[in-house]
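# A closer look at the structure
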Amino acid sequence: MEQDEKFGILYTAGAYFLWGLLPIYWKLVDEVPAGQILAHRIVWSFVFVSVLVLITKKGRPFLHAFKALFQTKKQAVQLLAASLVITLNWLTFIWAVNSGHVVQASLGYYINPLVSIVLGIVFLKEGISRRLIVSFILASLGVLYLTFSYGVFPWVSIVLALSFAFYGLIKKTISIGPMFGLTIETMFVTPIALIYLSAVSNPALTLESAITPTGLLLMGAGAATAVPLLLFAAGAQKIPLSMVGFLQYIAPTLMLILGVFVYNEVFTSAHFIAFVLIWSALFIYMSSWFKRASRKDRQAEH
């Protein structure tokens, strides 16, 4: 294994590991309403990446990318849509964690890759296979079983899976780096977040509240958001897509462990059956994915 590939695996695994541990971070500020946490995450993410752009002396390239982006109305609308979709994803995840639905959140991120594949087929005209159809049917059966067992649709899982899948789809159509992309996406919604924070009864952007433990944690939400994303961007370009696909299950697995063993959430036989169906779906699809990747590697060698 080459040095670049080793670092790629390390960075990518590190990103998913941090994403998997994010519930711990949001639990530390669970006395703050989810809407306020979201607003702080947006504001401080914008501050963090903006400072990072300046420190790394990428201000001029950022301005060029910003101007190029807005030369076409379509790309500007797409990035605005991406910012709104990821905001919905962040809000749902924060609410889920602090309302005792970490297991549902993990289920959403297990389903997400399959939803992304379907969106790729529908919107990007990517190929379809028999194993993919079987995988999607099994995952759907898992969700339906959980729905009928509880009589409640697992909307948290579905919103997380759909929002992140659509975010990925939109980003795939925009040629902009992750740091610049996050800067512009958070810039779009930062004014709304600031208006919201100024309207709540105890806005936590004052100097007094900022130096409290909770205030510092809310400020740190910017780094907690940006660091895994930048690690992922640095790592994913150094390793095969099949490896990225395998590593992405680190995050929901950690969330599931946290939900069941740390936060004592209920994990019933219905949950178990639903997860087994979804895990089986992922195994079937990933096995075909690795076969295609190894076939391409053999062809490249010859």
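Everything that follows concerns the structure shown earlier in this document.
Here the structure is a predicted model, which means the values were calculated and not measured.

Attention now moves to the overall build of the protein chain. Of regular secondary structure, the protein chain possesses 13 helices and zero strands. Its helices and strands in sequence order give the protein chain the pattern α-α-α-α-α-α-α-α-α-α-α-α-α, from N to C terminus. Taken over the C-alpha trace, the protein chain has a radius of gyration of 20 Å; the compact-globule value for 302 residues is 19 Å, and the two agree within 12%. Taken along the three principal axes of its C-alpha coordinates, the protein chain extends 55 × 50 × 40 Å. Scored against the burial criterion, the 302 residues of the protein chain give a buried share of 45%. In the protein chain, the proportion of contacts linking residues at least 24 apart, taken out of those at least 6 apart, comes to 86%. Summed over all atoms, the accessible surface of the protein chain reaches about 15,600 Å², with 70% contributed by carbon and sulfur. If you average the places of the 20 positive and of the 11 negative side-chain charges in the protein chain, the two averages end up 11 Å apart.

Okay, the side chain of Thr147 next. Among the structural elements, Thr147 can be located in helix α6 (residues 130-150). With residues up to four places along the chain from it excluded, the contact list for Thr147 reads Val152, Phe153 and Pro154.

Where nonpolar side chains cluster on the molecular surface, the patch consists of Ile128, Ile133, Ile137, Leu141, Leu144 and Phe148 and spans about 620 Å² of accessible area. When you line up the elements, Leu144 lands in helix α6.

Turning our attention to the environment of Ile176. Structurally, Ile176 is set in the loop between α7 (155-172) and α8 (178-199). Taking the C-alpha atoms as reference, Ile176 lies 15 Å from Met187; in sequence the two are eleven residues apart. Not counting the four nearest positions on each side in its chain, Ile176 is found in contact with Ala65, Gly181 and Ile184.

Across its 23 residues, helix α5 (residues 102-124) extends 32 Å between first and last C-alpha, which sits within 8% of the 33 Å expected from 1.5 Å per residue. At Asn112, α5 is bent by approximately 35 degrees, the largest bend along its length, and proline Pro113 sits one to four residues beyond. At the exit of α5 stands Lys125, carrying a positive phi of roughly 60 degrees.

With that settled, the discussion passes to unusual backbone geometry. Phi is positive for Lys57, close to 55 degrees, though the residue is something other than glycine. Here Lys57 is to be found in the loop between α2 (34-55) and α3 (59-69). Among the residues examined, Lys57 registers a relative accessible area of 74% and is labelled exposed. Its identity is not glycine, yet Asn264 carries a phi of approximately 55 degrees, on the positive side.

This paragraph deals with the packing of aromatic side chains. The geometry of an aromatic ring pair is captured by the separation of the ring centres together with the interplanar angle, meaning the angle of the planes. Inspection of the entire model under this criterion finds 17 aromatic pairs. For the pair Tyr109 and Phe164, a centre-to-centre distance of 6.0 Å together with 80 degrees between the ring planes defines the contact as edge-to-face. With Tyr109 in helix α5 and Phe164 in helix α7, this pair connects stretches of sequence that are 55 residues apart. Feature note: the residues Tyr110, Tyr249, Phe267, Phe275 and Trp279 constitute an aromatic cluster, connected by ring pairs. Its end group placed over the ring of Tyr263, Lys27 keeps NZ or CZ at 4.8 Å from the ring centre. Arg41 extends its terminal NZ or CZ atom over the ring of Trp90, reaching a point 4.3 Å from the ring centre.

Here is what the cut-offs are and how they apply
Residues numbered from 1 in each chain as written. Predicted model: local features only at pLDDT ≥ 70, side-chain atom pairs only at ≥ 80, totals over all residues. Heavy atoms only, no water. Helix = DSSP H or I, 4+ residues; strand = E, 2+ residues; numbered from the N terminus. Rg over C-alpha atoms; globule rule 2.2 N^0.38 Å. Buried < 20%, exposed > 50% of the residue type's maximum accessible area, 1.4 Å probe, protein only. Contact = heavy atoms within 4.5 Å. Areas by Shrake-Rupley, 256 points an atom, 1.4 Å probe, with all protein chains shown as cover. Lys, Arg positive; Asp, Glu negative; His and termini not counted. Charge placed at Lys NZ, Arg CZ, Asp CG, Glu CD. Patch = residues over 30% accessible without salt bridge, like charges linked within 9 Å, V, L, I, M, F, W, Y side chains within 5 Å. Salt bridge = Lys/Arg side-chain N within 4 Å of Asp/Glu carboxyl O. Expected span 1.5 Å × (residues − 1). Bend = angle between axes of the 7 residues up to and from the residue. Phe/Tyr/Trp six-rings, centres within 6.5 Å; stacked < 30°, edge-to-face > 60°. Lys NZ or Arg CZ within 6 Å of the ring centre and 35° of its normal.

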